[in-house]
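Each chain, written out:
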Amino acid sequence: MNSSELRQSFFDFFADRGHTVVPSASLLPSSPNLLFTNAGMTQFVPILRGENKASNPSVTDTQKCIRAGGKHNDLEDVGFDTYHHTFFEMLGNFSFGDYFKHDAIAYAWEFLTVEMKLDAERLFITVFEEDDEAYDIWTKEIGVPADRVARIGAKDNFWSMGDTGPCGRCSEIFFDHGADVWGGPPGTPEEDGDRYIEIWNLVFMQYDRNEEGVLTPLPKPSVDTGMGLERISAVMQGVHNNYDIDLFKNLISVACRETGIVFGDSAEADVSLRVLADHLRSVAFLLADGVLPSNEGRGFVLRRILRRACRHGRLLGKQEAFIYKLVDALVKEMGGHFVELREMQGNIEQVIRIEEERFIKTLDKGLKLVEQAVSDAGEGGTIPGKTLFTLYDTFGFPTDLTADILKGSNIGLDMEGFESCMEEQRTRERAAWGGSGDASLPKARVEPG
Ligand code: SER
(Lines give C-alpha, C1' and ligand atoms only; values in the text may rest on other atoms or scores of the structure.)
Protein backbone atom coordinates (compact mmCIF):
# COMPACT_ATOMS: atom_id res chain seq x y z
CA MET A 1 0.00 0.00 0.00
CA ASN A 2 1.59 3.29 -0.98
CA SER A 3 1.31 6.31 1.30
CA SER A 4 -1.48 7.96 -0.73
CA GLU A 5 -3.57 4.79 -0.54
CA LEU A 6 -2.91 4.55 3.15
CA ARG A 7 -4.06 8.12 3.72
CA GLN A 8 -7.26 7.31 1.84
CA SER A 9 -7.92 4.11 3.84
CA PHE A 10 -7.60 6.07 7.04
CA PHE A 11 -10.18 8.62 5.85
CA ASP A 12 -12.52 5.87 4.64
CA PHE A 13 -12.27 3.97 7.91
CA PHE A 14 -13.23 6.96 9.99
CA ALA A 15 -15.81 8.28 7.50
CA ASP A 16 -17.53 4.87 7.77
CA ARG A 17 -17.67 5.44 11.51
CA GLY A 18 -19.42 8.79 11.32
CA HIS A 19 -16.43 11.14 10.98
CA THR A 20 -16.40 14.06 8.56
CA VAL A 21 -13.23 14.28 6.47
CA VAL A 22 -11.83 17.84 6.73
CA PRO A 23 -8.84 19.45 4.97
CA SER A 24 -5.48 20.05 6.57
CA ALA A 25 -5.05 23.52 8.04
CA SER A 26 -2.21 25.79 6.92
CA LEU A 27 1.23 25.37 8.45
CA LEU A 28 0.82 28.87 9.89
CA PRO A 29 -1.37 28.62 12.94
CA SER A 30 -3.53 31.44 14.21
CA SER A 31 -2.48 30.55 17.75
CA PRO A 32 0.00 33.21 18.94
CA ASN A 33 2.10 30.82 21.04
CA LEU A 34 2.98 28.53 18.14
CA LEU A 35 5.57 29.04 15.42
CA PHE A 36 4.14 26.38 13.09
CA THR A 37 1.28 23.93 13.09
CA ASN A 38 2.91 21.01 14.86
CA ALA A 39 -0.02 18.68 15.42
CA GLY A 40 -3.41 17.78 14.04
CA MET A 41 -5.28 19.39 16.89
CA THR A 42 -3.90 22.90 16.32
CA GLN A 43 -6.74 24.00 14.06
CA PHE A 44 -9.28 22.70 16.56
CA VAL A 45 -8.04 24.59 19.63
CA PRO A 46 -10.97 27.07 19.68
CA ILE A 47 -13.42 24.15 19.47
CA LEU A 48 -11.67 22.21 22.23
CA ARG A 49 -11.77 25.31 24.41
CA GLY A 50 -15.47 25.81 23.75
CA GLU A 51 -14.88 29.19 22.03
CA ASN A 52 -16.23 27.89 18.69
CA LYS A 53 -18.97 25.38 18.19
CA ALA A 54 -18.01 22.25 16.25
CA SER A 55 -20.07 21.83 13.08
CA ASN A 56 -19.26 18.12 13.23
CA PRO A 57 -18.78 16.32 16.55
CA SER A 58 -16.18 13.98 15.06
CA VAL A 59 -13.77 14.62 12.21
CA THR A 60 -10.76 13.07 10.53
CA ASP A 61 -7.93 14.56 8.48
CA THR A 62 -4.28 14.55 7.63
CA GLN A 63 -2.46 17.59 8.96
CA LYS A 64 0.71 19.09 7.52
CA CYS A 65 3.08 19.52 10.47
CA ILE A 66 6.45 21.15 10.96
CA ARG A 67 8.55 20.33 13.98
CA ALA A 68 11.61 22.47 13.50
CA GLY A 69 11.52 24.93 16.36
CA GLY A 70 9.75 25.59 19.65
CA LYS A 71 8.46 22.89 22.00
CA HIS A 72 8.35 20.09 19.44
CA ASN A 73 11.61 20.28 17.48
CA ASP A 74 12.96 17.31 15.54
CA LEU A 75 15.43 19.17 13.32
CA GLU A 76 18.55 17.71 14.91
CA ASP A 77 17.38 14.11 14.52
CA VAL A 78 16.61 14.28 10.82
CA GLY A 79 18.68 11.95 8.70
CA PHE A 80 20.39 10.35 11.70
CA ASP A 81 17.58 8.19 12.95
CA THR A 82 14.98 6.42 10.88
CA TYR A 83 11.79 8.13 11.88
CA HIS A 84 12.09 11.88 12.46
CA HIS A 85 11.21 14.59 9.97
CA THR A 86 10.97 18.35 10.02
CA PHE A 87 7.83 18.06 7.89
CA PHE A 88 5.40 15.18 8.19
CA GLU A 89 1.76 14.33 7.80
CA MET A 90 -0.26 13.52 10.85
CA LEU A 91 -3.35 11.41 10.34
CA GLY A 92 -5.93 12.02 13.03
CA ASN A 93 -9.41 11.38 14.27
CA PHE A 94 -11.02 13.85 16.64
CA SER A 95 -14.02 13.89 18.88
CA PHE A 96 -15.33 17.14 20.26
CA GLY A 97 -17.32 15.96 23.24
CA ASP A 98 -18.63 13.01 21.23
CA TYR A 99 -16.77 9.78 22.10
CA PHE A 100 -13.92 9.52 24.60
CA LYS A 101 -11.35 6.97 25.77
CA HIS A 102 -13.24 3.81 25.07
CA ASP A 103 -14.04 4.44 21.40
CA ALA A 104 -10.75 6.19 20.69
CA ILE A 105 -8.90 3.09 21.82
CA ALA A 106 -11.28 0.66 20.11
CA TYR A 107 -11.10 2.53 16.77
CA ALA A 108 -7.31 2.66 16.81
CA TRP A 109 -7.06 -1.03 17.59
CA GLU A 110 -9.57 -1.97 14.92
CA PHE A 111 -7.85 0.17 12.29
CA LEU A 112 -4.46 -1.37 12.99
CA THR A 113 -5.36 -4.98 13.57
CA VAL A 114 -8.42 -5.45 11.32
CA GLU A 115 -8.14 -2.82 8.59
CA MET A 116 -4.33 -2.86 8.32
CA LYS A 117 -4.14 -6.48 9.46
CA LEU A 118 -1.13 -5.86 11.69
CA ASP A 119 -0.09 -8.64 13.98
CA ALA A 120 -1.46 -7.66 17.41
CA GLU A 121 1.57 -9.21 19.04
CA ARG A 122 3.79 -6.60 17.48
CA LEU A 123 1.87 -3.76 19.10
CA PHE A 124 2.93 -2.34 22.44
CA ILE A 125 0.88 0.15 24.45
CA THR A 126 1.69 2.88 26.96
CA VAL A 127 -0.74 4.75 29.19
CA PHE A 128 -0.25 7.59 31.65
CA GLU A 129 0.89 6.05 34.94
CA GLU A 130 -2.23 7.06 36.88
CA ASP A 131 -4.72 6.36 34.10
CA ASP A 132 -6.36 3.18 35.40
CA GLU A 133 -9.30 3.66 33.07
CA ALA A 134 -7.17 3.54 29.91
CA TYR A 135 -5.14 0.68 31.36
CA ASP A 136 -8.29 -1.33 31.99
CA ILE A 137 -9.73 -0.65 28.54
CA TRP A 138 -6.54 -1.94 26.92
CA THR A 139 -6.05 -4.95 29.12
CA LYS A 140 -9.62 -6.03 29.95
CA GLU A 141 -11.74 -4.89 27.02
CA ILE A 142 -9.32 -5.03 24.11
CA GLY A 143 -7.42 -7.91 25.68
CA VAL A 144 -3.83 -6.76 25.25
CA PRO A 145 -1.68 -8.82 27.67
CA ALA A 146 -0.48 -6.80 30.65
CA ASP A 147 3.15 -7.37 29.74
CA ARG A 148 2.62 -5.30 26.63
CA VAL A 149 0.96 -2.32 28.37
CA ALA A 150 3.32 0.02 30.23
CA ARG A 151 2.44 2.82 32.59
CA ILE A 152 4.64 5.82 31.81
CA GLY A 153 5.03 9.26 33.40
CA ALA A 154 3.98 12.69 32.24
CA LYS A 155 7.02 13.30 30.05
CA ASP A 156 5.74 10.88 27.42
CA ASN A 157 2.14 10.27 28.36
CA PHE A 158 0.75 13.69 29.05
CA TRP A 159 0.52 15.62 25.81
CA SER A 160 0.57 19.42 25.49
CA MET A 161 0.51 21.46 22.31
CA GLY A 162 2.79 24.14 23.74
CA ASP A 163 3.45 25.78 27.11
CA THR A 164 -0.20 26.81 27.25
CA GLY A 165 -3.39 25.44 25.69
CA PRO A 166 -5.35 22.20 25.58
CA CYS A 167 -3.62 19.13 26.98
CA GLY A 168 -4.34 15.76 28.48
CA ARG A 169 -3.26 12.24 29.31
CA CYS A 170 -2.39 10.08 26.39
CA SER A 171 -1.93 6.50 25.35
CA GLU A 172 0.63 5.60 22.71
CA ILE A 173 0.78 2.62 20.38
CA PHE A 174 4.20 1.30 19.39
CA PHE A 175 5.10 -1.11 16.63
CA ASP A 176 7.83 -3.67 17.16
CA HIS A 177 10.01 -3.68 14.04
CA GLY A 178 11.56 -6.98 15.12
CA ALA A 179 14.56 -8.43 16.88
CA ASP A 180 16.96 -7.60 14.06
CA VAL A 181 16.54 -3.88 14.89
CA TRP A 182 18.23 -2.62 18.06
CA GLY A 183 16.02 -1.16 20.80
CA GLY A 184 13.61 -1.98 23.61
CA PRO A 185 9.99 -1.24 24.56
CA PRO A 186 9.10 2.16 26.03
CA GLY A 187 10.13 2.53 29.63
CA THR A 188 13.26 0.37 29.21
CA PRO A 189 16.84 1.65 28.92
CA GLU A 190 16.89 0.69 25.22
CA GLU A 191 13.71 2.61 24.38
CA ASP A 192 15.54 5.12 22.16
CA GLY A 193 16.53 2.42 19.70
CA ASP A 194 14.66 2.01 16.43
CA ARG A 195 13.00 -1.31 17.26
CA TYR A 196 9.85 -0.06 19.02
CA ILE A 197 8.52 2.96 17.17
CA GLU A 198 5.58 5.02 18.34
CA ILE A 199 3.04 5.03 15.55
CA TRP A 200 -0.09 6.49 17.10
CA ASN A 201 -0.79 8.82 19.98
CA LEU A 202 -4.29 8.95 21.45
CA VAL A 203 -4.72 12.07 23.53
CA PHE A 204 -7.63 12.34 25.91
CA MET A 205 -7.99 16.10 25.90
CA GLN A 206 -9.29 17.24 29.23
CA TYR A 207 -7.53 20.40 30.37
CA ASP A 208 -6.48 23.87 29.31
CA ARG A 209 -3.15 25.03 30.73
CA ASN A 210 -2.69 28.77 31.38
CA GLU A 211 0.50 30.83 31.61
CA GLU A 212 0.92 30.00 35.29
CA GLY A 213 0.72 26.31 34.47
CA VAL A 214 -2.70 25.90 36.09
CA LEU A 215 -4.94 23.25 34.51
CA THR A 216 -8.64 24.01 34.07
CA PRO A 217 -11.00 21.33 32.75
CA LEU A 218 -12.10 21.80 29.13
CA PRO A 219 -15.86 22.22 28.62
CA LYS A 220 -16.11 18.71 27.10
CA PRO A 221 -13.67 15.82 27.32
CA SER A 222 -12.44 15.32 23.77
CA VAL A 223 -10.18 13.12 21.70
CA ASP A 224 -7.20 14.10 19.58
CA THR A 225 -5.22 11.38 17.92
CA GLY A 226 -2.16 11.57 15.73
CA MET A 227 -0.49 8.93 13.61
CA GLY A 228 2.49 9.84 11.43
CA LEU A 229 1.66 8.82 7.87
CA GLU A 230 5.33 8.14 7.16
CA ARG A 231 5.69 5.81 10.16
CA ILE A 232 2.59 3.75 9.45
CA SER A 233 3.60 3.62 5.77
CA ALA A 234 6.96 2.16 6.81
CA VAL A 235 5.17 -0.48 8.87
CA MET A 236 2.77 -1.32 6.05
CA GLN A 237 5.54 -1.45 3.46
CA GLY A 238 7.64 -3.73 5.65
CA VAL A 239 10.60 -1.33 5.90
CA HIS A 240 12.33 -0.26 9.10
CA ASN A 241 13.23 3.20 7.98
CA ASN A 242 10.69 5.90 7.09
CA TYR A 243 13.06 7.11 4.41
CA ASP A 244 12.61 3.78 2.62
CA ILE A 245 8.89 4.29 1.97
CA ASP A 246 7.63 4.94 -1.58
CA LEU A 247 7.42 8.70 -1.18
CA PHE A 248 10.96 9.22 0.13
CA LYS A 249 12.45 6.64 -2.18
CA ASN A 250 11.13 8.59 -5.13
CA LEU A 251 12.41 11.91 -3.79
CA ILE A 252 15.80 10.40 -2.98
CA SER A 253 16.10 8.88 -6.43
CA VAL A 254 15.60 12.31 -8.01
CA ALA A 255 18.21 13.75 -5.63
CA CYS A 256 20.54 10.93 -6.75
CA ARG A 257 19.89 11.75 -10.37
CA GLU A 258 20.75 15.41 -9.77
CA THR A 259 23.87 14.75 -7.73
CA GLY A 260 25.13 11.63 -9.47
CA ILE A 261 25.30 9.81 -6.13
CA VAL A 262 24.23 6.19 -5.77
CA PHE A 263 22.08 5.62 -2.69
CA GLY A 264 23.59 2.96 -0.43
CA ASP A 265 27.18 3.51 -1.52
CA SER A 266 28.16 5.53 1.52
CA ALA A 267 26.44 5.96 4.87
CA GLU A 268 27.39 9.64 5.00
CA ALA A 269 25.99 10.38 1.56
CA ASP A 270 22.79 8.54 2.51
CA VAL A 271 22.35 10.87 5.49
CA SER A 272 22.72 13.87 3.19
CA LEU A 273 20.22 12.44 0.71
CA ARG A 274 17.68 11.84 3.47
CA VAL A 275 18.20 15.32 4.86
CA LEU A 276 17.66 16.76 1.39
CA ALA A 277 14.42 14.81 0.89
CA ASP A 278 13.19 15.87 4.31
CA HIS A 279 14.16 19.52 4.05
CA LEU A 280 12.74 19.81 0.54
CA ARG A 281 9.31 18.98 1.92
CA SER A 282 9.49 21.56 4.72
CA VAL A 283 10.76 24.28 2.47
CA ALA A 284 8.27 23.64 -0.35
CA PHE A 285 5.25 23.36 1.95
CA LEU A 286 6.22 26.47 3.91
CA LEU A 287 6.57 28.43 0.68
CA ALA A 288 3.23 27.03 -0.53
CA ASP A 289 1.64 28.38 2.64
CA GLY A 290 3.09 31.83 2.07
CA VAL A 291 6.26 31.95 4.21
CA LEU A 292 9.23 33.65 2.55
CA PRO A 293 12.88 33.34 3.60
CA SER A 294 13.95 36.13 5.94
CA ASN A 295 16.13 36.78 8.97
CA GLU A 296 13.28 36.73 11.42
CA GLY A 297 10.58 34.46 12.76
CA ARG A 298 9.11 31.81 10.49
CA GLY A 299 11.05 33.01 7.47
CA PHE A 300 14.29 32.51 9.35
CA VAL A 301 13.40 28.92 10.15
CA LEU A 302 12.64 28.37 6.47
CA ARG A 303 15.98 29.94 5.49
CA ARG A 304 17.86 27.84 8.04
CA ILE A 305 16.32 24.62 6.78
CA LEU A 306 17.09 25.50 3.17
CA ARG A 307 20.68 26.45 3.97
CA ARG A 308 21.21 23.18 5.80
CA ALA A 309 19.91 21.43 2.69
CA CYS A 310 22.32 23.47 0.51
CA ARG A 311 25.22 22.40 2.65
CA HIS A 312 24.23 18.76 2.31
CA GLY A 313 24.07 19.31 -1.44
CA ARG A 314 27.63 20.59 -1.23
CA LEU A 315 28.64 17.52 0.77
CA LEU A 316 27.31 15.49 -2.15
CA GLY A 317 29.55 17.47 -4.48
CA LYS A 318 27.02 19.86 -6.00
CA GLN A 319 28.54 23.22 -6.83
CA GLU A 320 25.45 24.84 -8.30
CA ALA A 321 21.80 25.32 -7.36
CA PHE A 322 19.76 22.14 -7.81
CA ILE A 323 17.30 21.74 -4.94
CA TYR A 324 14.69 23.69 -6.86
CA LYS A 325 14.82 20.95 -9.50
CA LEU A 326 13.55 18.42 -6.94
CA VAL A 327 10.28 20.29 -6.43
CA ASP A 328 8.69 18.70 -9.48
CA ALA A 329 9.12 15.21 -8.02
CA LEU A 330 7.58 16.38 -4.76
CA VAL A 331 4.60 17.83 -6.58
CA LYS A 332 4.14 14.49 -8.35
CA GLU A 333 4.21 12.66 -5.02
CA MET A 334 2.09 14.98 -2.92
CA GLY A 335 0.44 17.54 -5.18
CA GLY A 336 -2.52 15.23 -5.76
CA HIS A 337 -3.72 15.65 -2.21
CA PHE A 338 -2.15 19.02 -1.41
CA VAL A 339 -3.26 21.21 -4.32
CA GLU A 340 -1.48 24.27 -2.93
CA LEU A 341 1.80 22.60 -3.80
CA ARG A 342 0.71 22.17 -7.39
CA GLU A 343 -0.67 25.66 -7.67
CA MET A 344 2.44 27.29 -6.21
CA GLN A 345 5.02 25.09 -7.96
CA GLY A 346 6.47 27.86 -10.13
CA ASN A 347 6.86 30.26 -7.20
CA ILE A 348 8.32 27.61 -4.96
CA GLU A 349 10.96 26.69 -7.54
CA GLN A 350 11.85 30.30 -8.18
CA VAL A 351 12.30 31.25 -4.53
CA ILE A 352 14.35 28.15 -3.77
CA ARG A 353 16.57 28.80 -6.76
CA ILE A 354 17.22 32.42 -5.79
CA GLU A 355 17.97 31.44 -2.18
CA GLU A 356 20.29 28.65 -3.27
CA GLU A 357 22.18 30.84 -5.72
CA ARG A 358 22.61 33.55 -3.11
CA PHE A 359 23.85 31.22 -0.42
CA ILE A 360 26.18 29.28 -2.68
CA LYS A 361 28.17 32.50 -3.21
CA THR A 362 29.19 32.59 0.45
CA LEU A 363 29.02 28.89 1.28
CA ASP A 364 32.61 28.04 0.33
CA LYS A 365 34.09 31.01 2.14
CA GLY A 366 32.01 30.20 5.22
CA LEU A 367 33.07 26.56 5.14
CA LYS A 368 36.72 27.65 4.96
CA LEU A 369 36.22 29.88 7.97
CA VAL A 370 34.65 26.98 9.91
CA GLU A 371 37.62 24.81 8.97
CA GLN A 372 40.05 27.48 10.14
CA ALA A 373 38.08 28.02 13.38
CA VAL A 374 38.11 24.27 14.07
CA SER A 375 41.86 24.09 13.65
CA ASP A 376 42.35 27.20 15.81
CA ALA A 377 40.08 25.78 18.53
CA GLY A 378 41.84 22.41 18.57
CA GLU A 379 40.42 19.14 19.92
CA GLY A 380 37.97 19.86 22.77
CA GLY A 381 38.11 23.61 22.12
CA THR A 382 35.40 26.18 21.46
CA ILE A 383 34.61 28.37 18.49
CA PRO A 384 34.45 31.96 19.76
CA GLY A 385 31.18 33.90 19.60
CA LYS A 386 32.80 36.50 17.35
CA THR A 387 33.57 33.87 14.70
CA LEU A 388 30.05 32.48 14.96
CA PHE A 389 28.79 35.99 14.44
CA THR A 390 30.98 36.53 11.35
CA LEU A 391 29.74 33.23 9.98
CA TYR A 392 26.18 34.33 10.57
CA ASP A 393 26.41 37.93 9.54
CA THR A 394 28.88 37.84 6.65
CA PHE A 395 28.48 34.33 5.27
CA GLY A 396 24.85 33.63 6.12
CA PHE A 397 25.59 30.63 8.38
CA PRO A 398 22.89 30.42 11.05
CA THR A 399 24.48 29.02 14.23
CA ASP A 400 22.53 25.78 13.91
CA LEU A 401 24.15 25.24 10.52
CA THR A 402 27.58 25.64 12.08
CA ALA A 403 26.49 23.26 14.84
CA ASP A 404 25.28 20.79 12.21
CA ILE A 405 28.67 20.89 10.49
CA LEU A 406 30.39 20.21 13.81
CA LYS A 407 28.03 17.42 14.82
CA GLY A 408 29.97 14.46 16.19
CA SER A 409 33.12 16.55 16.77
CA ASN A 410 34.41 17.56 20.14
CA ILE A 411 34.20 21.29 19.47
CA GLY A 412 31.91 23.61 21.40
CA LEU A 413 30.20 26.83 20.32
CA ASP A 414 30.37 29.99 22.40
CA MET A 415 26.68 30.83 22.12
CA GLU A 416 26.83 33.46 24.85
CA GLY A 417 29.55 35.31 22.96
CA PHE A 418 27.47 35.03 19.79
CA GLU A 419 24.43 36.46 21.55
CA SER A 420 26.37 39.43 22.85
CA CYS A 421 27.68 40.15 19.32
CA MET A 422 24.07 40.03 18.13
CA GLU A 423 23.05 42.41 20.88
CA GLU A 424 25.87 44.81 19.98
CA GLN A 425 24.69 44.75 16.39
CA ARG A 426 21.13 45.53 17.43
CA THR A 427 22.41 48.46 19.48
CA ARG A 428 24.40 49.72 16.48
CA GLU A 429 21.32 49.40 14.29
CA ARG A 430 19.21 51.32 16.76
CA ALA A 431 21.83 54.06 17.05
CA ALA A 432 22.05 54.35 13.26
CA TRP A 433 18.30 54.68 12.92
CA GLY A 434 17.71 58.42 13.01
CA GLY A 435 14.38 58.17 11.17
CA SER A 436 10.93 59.02 12.33
CA GLY A 437 11.59 59.69 15.98
CA ASP A 438 9.44 56.71 17.01
CA ALA A 439 11.07 54.45 19.52
CA SER A 440 12.53 51.63 17.50
CA LEU A 441 11.90 48.26 19.05
CA PRO A 442 14.34 45.40 19.01
CA LYS A 443 13.33 42.93 16.36
CA ALA A 444 11.85 39.61 17.38
CA ARG A 445 14.23 36.92 16.25
CA VAL A 446 13.94 33.18 16.45
CA GLU A 447 16.69 31.79 18.61
CA PRO A 448 19.02 29.66 16.56
CA GLY A 449 19.22 25.99 17.40
N1 SER B 1 -1.58 15.90 19.46
C2 SER B 1 -1.00 14.60 19.61
C3 SER B 1 0.38 14.52 19.03
O4 SER B 1 0.79 15.40 18.34
C5 SER B 1 -1.88 13.56 19.01
O6 SER B 1 -2.39 13.99 17.82
O7 SER B 1 1.08 13.55 19.25
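Residues numbered from 1 in each chain as written. Predicted model: local features only at pLDDT ≥ 70, side-chain atom pairs only at ≥ 80, totals over all residues. Heavy atoms only, no water.

Caption draft 1: Main features of the overall build of the chain. If you tally the helices and strands in the chain, you get 15 helices and 11 strands. Taken over the C-alpha trace, the chain has a radius of gyration of 23 Å; the compact-globule value for 449 residues is 22 Å, and the two agree within 12%. In terms of overall dimensions, the chain has C-alpha extents of about 65 × 55 × 45 Å along its principal axes. Looking at the chain as a whole, 55% of its 449 residues are labelled buried. Sequence separation of at least 24 residues holds for 72% of the intrachain contacts in the chain that already meet a minimum separation of 6. Carbon and sulfur atoms provide 49% of the accessible area of the chain, an area that totals close to 19,200 Å². For the chain, the distance from the average position of its 46 positive side-chain charges to the average position of its 72 negative side-chain charges is 5 Å. (Helix = DSSP H or I, 4+ residues; strand = E, 2+ residues; numbered from the N terminus. Rg over C-alpha atoms; globule rule 2.2 N^0.38 Å. Buried < 20%, exposed > 50% of the residue type's maximum accessible area, 1.4 Å probe, protein only. Contact = heavy atoms within 4.5 Å. Areas by Shrake-Rupley, 256 points an atom, 1.4 Å probe, with all protein chains shown as cover. Lys, Arg positive; Asp, Glu negative; His and termini not counted. Charge placed at Lys NZ, Arg CZ, Asp CG, Glu CD.)

Caption draft 2: Region of the structure containing the packing of aromatic side chains. Scanning all chains against the criterion turns up 25 aromatic pairs. Centre to centre, the rings of Phe14 and Trp200 are 6.5 Å apart; their planes meet at 85°, and the pair counts as edge-to-face. You can see Phe14 sitting in helix α1 (residues 3–16) and its partner Trp200 sitting in strand β8 (residues 196–209), a full 186 residues away along the chain. Of the residues examined, Trp200 reaches a relative accessible area of 0% and is grouped as buried. In this arrangement the basic side chain of Arg151 is found over the ring face of Tyr135, its NZ or CZ atom lying 4.2 Å from the centre. (Phe/Tyr/Trp six-rings, centres within 6.5 Å; stacked < 30°, edge-to-face > 60°. Lys NZ or Arg CZ within 6 Å of the ring centre and 35° of its normal.)

Caption draft 3: Inspection of the environment of Lys140 at higher detail. Note on placement: Lys140 falls in helix α4 (residues 132–142). C-alpha separation for the pair Lys140 and Ser266, spaced 126 residues apart in sequence, amounts to 49 Å.

Caption draft 4: Structural detail: helix α7 (residues 246–259). With 14 residues, α7 extends 20 Å between its outermost C-alpha atoms, agreeing within 8% with the 20 Å of an ideal straight helix rising 1.5 Å per residue. In terms of burial, α7 is largely enclosed, as 10 of its 14 residues are buried. If you check which residues of α7 are buried, you get Asp246, Leu247, Phe248, Leu251, Ile252, Val254, Ala255, Cys256, Glu258 and Thr259. Two residues or fewer after α7 comes Gly260, characterised by a positive phi angle close to 75°. (Expected span 1.5 Å × (residues − 1).)

Caption draft 5: Broad picture of the site of the ligand. The ligand sits among Ala39, Met41, Arg67, Met90, Trp159, Asn201, Val203, Asp224, Thr225 and Gly226. Within the side chain of Trp159, an N or O atom sits 3.4 Å from an oxygen atom of the ligand. Contacts to the ligand include Asp224, whose side-chain N or O atom sits 2.8 Å from an oxygen atom. Burial of the ligand by the surrounding chains reaches 96%, relative to a free accessible area of 230 Å². At the level of secondary structure, the elements contributing two or more residues to the shell around the ligand comprise β8 and β9 (215–228). The biggest single contributor to the shell around the ligand is β9, with 3 residues. Here the residues of the shell around the ligand are counted per class, giving 5 nonpolar, 3 polar and 2 charged. (Near = heavy atom within 4 Å. Polar contact = N/O pair within 3.5 Å; in protein donor to acceptor, adjacent residues only side chain to side chain. Nonpolar A, V, L, I, M, F, W, Y, C, P; charged D, E, K, R; others polar.)

Caption draft 6: How the structure looks around the packing of helix α9 (residues 297–315) against helix α12 (residues 345–377). For the pair α9 and α12, interaxial distance at closest approach is 10 Å and the crossing angle is 60°. In the crossing of α9 with α12, the sense of the turn from one axis to the other is right-handed. Residues Arg303, Leu306, Arg307, Cys310, Arg311 and Arg314 of α9 pack against Ile352, Glu355, Glu356, Arg358, Phe359, Ile360, Leu363, Asp364 and Leu367 of α12. Of the residues belonging to the contact of α9 with α12, the class tally is 7 nonpolar, no polar and 8 charged. (Axes fitted to C-alpha atoms, helices over the stretch in contact; angles between N-to-C directions. Left-handed = near helix turned anticlockwise from the far one by under 90°.)

Caption draft 7: Region of the structure containing the nonpolar core. Core analysis: the biggest nonpolar cluster contains 73 residues, and Ile323, Leu341 and Ile352 have the highest contact counts within it. Residue assignment for this core shows that the elements contributing at least two residues are α7, α8 (267–288), α9, α10 (327–334), α12, α13 (385–393) and α15 (415–432). Filtering out sequence-adjacent residues up to four positions away, Leu341 remains in contact with Ala284, Phe285, Ala288, Leu330, Val331, Met334, Gly335 and Ile348. Counting residues in each nonpolar core, the second largest holds 36 residues, with Leu91, Met116, Trp138 and Trp200 among its members. (Core = buried A, V, L, I, M, F, W, Y, C linked by side-chain atoms within 4.5 Å.)

Caption draft 8: Molecular detail of the environment of Lys117. Mapped onto the secondary structure, Lys117 falls in the loop between α3 (101–115) and β4 (123–128). Measuring from C-alpha to C-alpha, the distance between Lys117 and Asn157 comes to 26 Å, with 40 residues separating the pair along the chain.

Caption draft 9: Spotlight on the packing of α12 against α13. For the pair α12 and α13, interaxial distance at closest approach is 10 Å and the crossing angle is 170°. Comparing their axes, α13 and α12 come out roughly antiparallel. Contact residues: Gly366, Leu369, Val370 and Ala373 in α12; Thr387, Thr390 and Leu391 in α13. Class assignment of the residues belonging to the contact of α12 with α13 gives a composition of 4 nonpolar, 3 polar and no charged. (Parallel < 35°, antiparallel > 145°, perpendicular 65-115°, else oblique.)

Caption draft 10: Fine view of the side chain of Asn93. Here Asn93 shows up in strand β3 (residues 87–95). If sequence neighbours within four positions are ignored, Asn93 has contacts with Phe10, Phe14, His19, Val59, Thr60, Tyr99, Tyr107, Trp200, Val223, Asp224 and Thr225.

Caption draft 11: The arrangement of the pattern of salt bridges in detail. What the rule picks out here adds up to 25 salt bridges. Between Glu133 and Lys101 there is a salt bridge, with the nearest N and O atoms lying 3.3 Å from each other. Taken as a pair, Glu133 in helix α4 and Lys101 in helix α3 lie far apart in primary sequence, 32 residues in all. Note on Lys101: relative accessible area 3%, which makes it buried. A salt bridge links Lys318 to Glu320; the nearest nitrogen and oxygen atoms lie 2.9 Å apart. Overlapping salt bridges bring together Arg304, Arg308, Arg311, Asp400 and Asp404 as one network. (Salt bridge = Lys/Arg side-chain N within 4 Å of Asp/Glu carboxyl O.)

Caption draft 12: Expanded view of unusual backbone geometry. A positive phi angle, near 60°, is found at Lys117, a position not held by glycine. Taking relative accessible area as the criterion, Lys117 reaches 66% and is therefore assigned exposed.

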